[in-house]
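# Reading the structure
One-letter residues, chain by chain:
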Amino acid sequence: TYGNQFSALASSTSAQTTQSSSLGIGDRYGINIQFQLGEIYGYKNRMKSLKAEVEMARQKRQKVMVEIKRRVIADYYNLFTNQRLVKIKQADAESANITASIAEYEMKRGKIMPAELSRLKNVQSIADVNLELSRRDYITVYCQFEALLGCRLSNFKKKK
C-alpha cells in the first residue's frame, strides 16, 4: 500500500493553552497480506470431502454399469426365448393349418362332420393368433434390445 497520511496524535484545548501534537503530511508504504483462516485450517477437510465425492461418483458409475450388464443379459435371454417361442408357435400354426386342410378334404369326402371341421378351424385360428402375438412380443423385445445396445443387431453377425 502507499499513499499520504495525516494523523492527529493528541489534541487538548483549555482556556489557557492549546496543545496539539500531530504528524504531518507524509508518505506511507507497506505490505498488506489477507488470508482466511478457513482456507488454511479447512483445506484438509475440503480435500477429504472432494475425495469422498470422487469415490461416491466412482461407486455410482460402477453400480450403473452392473445394472446395465444385468439388463443386457436379461434382455438378451428374453430375445432368445421369444425367438424360440416364435419358432414353436409357427410349427404349431403350420400343424393346425395342415390339420384344417385335411379336415376340409375329409369333410368333402364325407368322413367327418362339419362340427369337427369347425372345431379344427377354431384351433387353427387360435394357433394363428398365438403366432402373431408371439411375433409381436419378439419384435418388441428385439427393438428394445437394439435400443439398449445403441446399435443394430445385424452389426454383430459373423461375416463368412
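Residues numbered from 1 in each chain as written. Predicted model: local features only at pLDDT ≥ 70, side-chain atom pairs only at ≥ 80, totals over all residues. Heavy atoms only, no water.

## Remarks on the packing of helix α2 (residues 43–109) against helix α3 (residues 114–149)
It is at 7 Å that the axes of α2 and α3 come closest, and there the two elements cross at 160°. With respect to their mutual orientation, α2 and α3 come out roughly antiparallel. Handedness of the α2/α3 crossing: left-handed. Looking at the contact of α2 with α3 residue by residue, the classes come out as 22 nonpolar, nine polar and nine charged. (Axes fitted to C-alpha atoms, helices over the stretch in contact; angles between N-to-C directions. Helix = DSSP H or I, 4+ residues; strand = E, 2+ residues; numbered from the N terminus. Parallel < 35°, antiparallel > 145°, perpendicular 65-115°, else oblique. Left-handed = near helix turned anticlockwise from the far one by under 90°. Nonpolar A, V, L, I, M, F, W, Y, C, P; charged D, E, K, R; others polar.)

## Some remarks on the packing of aromatic side chains
Tallied over the full model, the rule gives four aromatic pairs. Look at Tyr76 and Tyr77: their rings are 5.0 Å apart centre to centre, the planes differ by 80°, and that puts the pair in the edge-to-face class. Owing to a relative accessible area of 49%, Tyr77 belongs among the partly exposed residues under this scheme. Seen from their ring centres, Tyr138 and Tyr142 are 6.0 Å apart, and the 45° between their planes marks the pair as tilted. Separated by four residues within a single helix, Tyr138 and Tyr142 lie in helix α3, roughly one turn from each other. On the basis of relative accessible area, Tyr142 is assigned to the partly exposed category, the value being 25%. Three or more aromatic residues joined by ring pairs make a cluster, and in this case those are Tyr76, Tyr77, Phe80 and Phe145. (Phe/Tyr/Trp six-rings, centres within 6.5 Å; stacked < 30°, edge-to-face > 60°. Buried < 20%, exposed > 50% of the residue type's maximum accessible area, 1.4 Å probe, protein only.)

## Considering the pattern of salt bridges
By the definition in use, this model includes six salt bridges. A salt bridge links Lys121 to Glu104; the shortest N-O distance between them is 2.5 Å. Of the two residues, Lys121 sits in helix α3 while Glu104 sits in helix α2, which places them 17 residues apart along the sequence. The exposure class assigned to Glu104 is partly exposed, which follows from its relative accessible area of 30%. (Salt bridge = Lys/Arg side-chain N within 4 Å of Asp/Glu carboxyl O.)

These figures come from the coordinates and say nothing about function on their own.
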